[in-house]
Amino acid sequence: MSHTPFEGGRKLEEAFFKEENDRAVARLRKLAEMEGNRKALTGVSGITDEAVLDKLLELKVTPSILASMAAVPLVEVAWADGHVDEKEREAVLAAARSVEFGKDKVDFPLLESWLEKRPSPQLLQAWTHYVQGLAAAMDPRELNQLKHNLLDRARRIAEAAGGLLGFGKISSSEQAMLERMDQAFNKPS
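Residues numbered from 1 in each chain as written. Predicted model: local features only at pLDDT ≥ 70, side-chain atom pairs only at ≥ 80, totals over all residues. Heavy atoms only, no water.

Novice: How should the environment of Val131 be read in this particular structure?
Specialist: Relative to the helices and strands, Val131 is located in helix H6 (residues 121-137). A relative accessible area of 1% places Val131 in the buried class. Sequence spacing of Val131 and Ala184 is 53 residues, and the spatial spacing of their C-alpha atoms is 6.3 Å. If near-sequence neighbours (up to four positions away) are discounted, Val131 is found in contact with Met69, Ala184 and Phe185. (Helix = DSSP H or I, 4+ residues; strand = E, 2+ residues; numbered from the N terminus. Buried < 20%, exposed > 50% of the residue type's maximum accessible area, 1.4 Å probe, protein only. Contact = heavy atoms within 4.5 Å.)

And the structure:
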């Protein structure tokens, strides 16, 4: 049975449109995935600025990476004075459970182990290097918002154990840790 040139042309056209359709579907899936990641990043970080979220996505920062990165300052501040008291422990776990923090992104067994036994200094060092890498890639406004969102939670942990009825007083060791983490956000020269 012989095919007419018209039938061959139709098959070519169908193949072309199938390929274009497949590309369009792939683009739509990618956009849906990015939007899901953007919402998840917002849930983990509290950041709502689209430009900052787009930059984090561009830098391949996933919600689970950001959740882990956000947990390190909490743990480090809790350990700043050499021990984690019950108020600090509960404040860290409450922050990790909060919808704002991204409760489905936090590795709770790991976080609890960090609260039981002080993590090695390499954890803070790795966090610092990661933040410095982000600092080099983000504009100052984006970086400032990320810093504010991450360190504000850490400051709340420091306040959890101090002062009158657990409010207001930050120990000198906790303040020093907050300042050390703040410095990590400085753009390398």
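Picking up after the structure, the text goes on.
Novice: What is the right way to look at the pattern of salt bridges in this model?
Specialist: For side chains of opposite charge, pairing can occur when their charged atoms come near one another. All told, the structure shown has seven salt bridges when counted by the stated rule. Note that Arg156 is salt-bridged to Asp152, the shortest N-O span being 3.0 Å. Of the two residues, Arg156 and Asp152 are both situated in helix H7 (residues 140-160); the distance of four residues between them amounts to about one turn of the helix. Classification of Arg156 by relative accessible area gives partly exposed; the value is 43%. (Salt bridge = Lys/Arg side-chain N within 4 Å of Asp/Glu carboxyl O.)

Novice: Quick question: what am I supposed to make of the confidence of the model for the protein here?
Specialist: Low pLDDT marks stretches whose predicted atomic positions should not be read closely. Mean pLDDT over the protein stands at 79; residues scoring 70 or higher make up 71%. For the protein, the element scoring lowest by mean pLDDT is helix H1 (residues 5-45), at 67; helix H8 (residues 172-184) scores highest, at 93. (pLDDT = per-residue confidence, 0-100.)

Novice: Sorry if this is basic, but what is going on with the side chain of Glu142 here?
Specialist: The residue Glu142 is located in helix H7 in this model. Although Glu142 lies buried, it forms no salt bridge, and the closest oppositely charged side chain, Arg141, sits 4.9 Å away as judged by the N-O distance. Dropping the residues within four chain positions of it, Glu142 is found in contact with Ala51, Val52 and Lys55. (Lys, Arg positive; Asp, Glu negative; His and termini not counted.)

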